Amino acid sequence: MKKSFRIALAALVCLSPMGIQAQSVDFSQYEGTQIINSDFEDWSGKDFKNVPVGWHSFESVGGNYAFAANSTEHTSKNTEGLHDGTIGKSCLKLMPRNVYNVIANGTITTGRMNAGALFATSTKNHAWMDISNTDTSNGSPFYALLSERPVALSVWVKFTQGTAQSSHPYATVSAAITNGKRYQEPTADNDSSVVIGYAKNNTISTNGGQWQHLYVPFRYDSGNFNKTDAPKAIMVTFSTNADPGQGSVGDVLLIDDLELVYTQTVTIPDCGYATLTNVSMKNHKVVIPEGITAYTLKANADGELLVKDTYKAGQVLPYNAAVLLEGAPGTYEFQTTLYDKEESVVAEGDFCLVKGKEFNTPVAGYKYYHLSQQNYILGFYPVSNGQKIKDWEALLRVKESVAAKDYQNVLYEPKLAGDVNSDGILNIADVTTIVNRLLGKSTTTKFFIPNADINNDNTINISDVSELVKILLNN
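Residues numbered from 1 in each chain as written. Predicted model: local features only at pLDDT ≥ 70, side-chain atom pairs only at ≥ 80, totals over all residues. Heavy atoms only, no water.

This part takes up helix α2 (residues 428–438). When we look at burial in α2, the residues that qualify are Asp 430, Val 431, Thr 433, Ile 434, Asn 436 and Arg 437. Of the residues flanking the start of α2, the one acting as N-cap is Asn 427, its side-chain oxygen 3.0 Å from the backbone nitrogen of Ala 429. (Buried < 20%, exposed > 50% of the residue type's maximum accessible area, 1.4 Å probe, protein only. Helix = DSSP H or I, 4+ residues; strand = E, 2+ residues; numbered from the N terminus. Polar contact = N/O pair within 3.5 Å; in protein donor to acceptor, adjacent residues only side chain to side chain.)

Taken in spatial order, the 3 strands line up as β8-β9-β15 in an open sheet, and their pairing is antiparallel. Two strands in the sheet have a free side with no partner beyond their single neighbour: β8 (112–114) and β15 (183–185). Recorded for the sheet is a direction-independent mean angle of 30° between the axes of neighbouring strands. (Pairing = 2+ DSSP bridges. Axes fitted to C-alpha atoms, helices over the stretch in contact; angles between N-to-C directions.)

This brings us to the pattern of salt bridges. In total, this model carries 3 salt bridges according to the counting rule given. Between Asp 135 and Arg 112 there is a salt bridge, with its nearest N and O atoms 3.2 Å apart. Taken together, the residues Asp 135 in the loop between β9 (126–129) and β10 (136–137) and Arg 112 in strand β8 connect sequence positions 23 residues apart. What makes Asp 135 partly exposed here is its relative accessible area of 35%. One salt bridge in this structure joins Arg 219 and Asp 221, with 3.7 Å as the shortest N-O distance. In this structure Arg 219 comes out as partly exposed when scored by relative accessible area, which is 35%. (Salt bridge = Lys/Arg side-chain N within 4 Å of Asp/Glu carboxyl O.)

Counting residues in each nonpolar core, the largest one holds 31 residues, and the members touching the most others are Ile 234, Val 236 and Phe 238. When contributions to this core are tallied by element, the ones reaching two or more residues are β4 (91–94), β13 (152–160), β14 (171–178), β16 (195–204), β17 (212–217), β18 (233–239) and β19 (252–268). If you tally residues by element for this core, the top one is β19, at 5 residues. Not counting residues up to four positions away in its chain, the partners in contact with Ile 234 are Ile 35, Thr 110, Met 129, Ala 144, Leu 146, Ala 175, Ala 176, Ile 177, Phe 218 and Leu 260. (Core = buried A, V, L, I, M, F, W, Y, C linked by side-chain atoms within 4.5 Å. Contact = heavy atoms within 4.5 Å.)

In structure tokens:
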């Protein structure tokens, strides 16, 4: 049987008995609030095979000069030189065209293009959106529905200019969240009462011809924005130049993996630990914020609870995992977007974190545990009948056939004895971290308990400091 380590040893972490705020955060509310085909993998449109489904360029342009604008191809599917980390097989290639000796910037939008003038700078040439419009192209309407308020737009782009334009060097992306009424861009009043939120980056540089990951925040604070209506639609528009008619033939803007970013807050109480779960996180990426270490939980062969994997800031939590959070007391924002593939993780195993409201109508064959502190020991203790559990709290649900009296101990599997701050390196910083903890000094340095018990006597004291010094001197 593997050695077990208490989550809190000798009151090093928690100083007084207290309840723990174990949170069940429902990221799944954003399941339907991404833009269709935002990874540009679907090119099965029935009319235009060179246009991604859900998006529109000049192939379906309207306006008095539509006959000129729709005679050239601005979009195509690209399958080569994709950005690192993509899980897709294609991206969008956007290009300008010369139309009657006027450069028509490559443009694609979730709305509809309008060619109303021969002068590139005229606002009669614009993209527009209105959810009351019933027209479609390539099997898709000229709008994208949206019912939430994202905090940012995330997208990968790669921009190159056929001929360098020192006065007009940038491509652009914009996103307008509206109440569904007619909106167009460019227009004289982007801050109109139709707009609820707006994001824009009109300084997309060539970046040495390399892929770059853009994070474009939405603003909801303009005095002219609509503060009362709910979001109903979003118009996202990309162009190969931020200035109308100022690009060059040969410009190329590659676009991939567009996502809307949302946040949820999680509070860690004074003891420094909390639990996190979402029983329906299907296809979600939930990113660990700075200041948090997350541990996913599993059971060993003896039916004891142990840590399966450790996740640091910036890493992504797996789907439907039971998660223990460690960090300084406070409230943290977890960002979430969507994967474009499913994670094959089974939620209905022996151990699973579920929403507290399930305890009010418990599922037969299971016992429920609450993360709490008893006699200075932090662990998962059985929920008693009649105990008040809030709906948003996370409970550990265990099959009765393997359930224990309680789970005071969580097994950690040390990977490097002495690596107390868990940075993958043994050095004097680890010695200092142990000493400071033993002296009771306040510190924000991470303290990885199992790696601190170097002599394996299940106690952390000066003997462990001596052992660590010996290891450093011998190496």
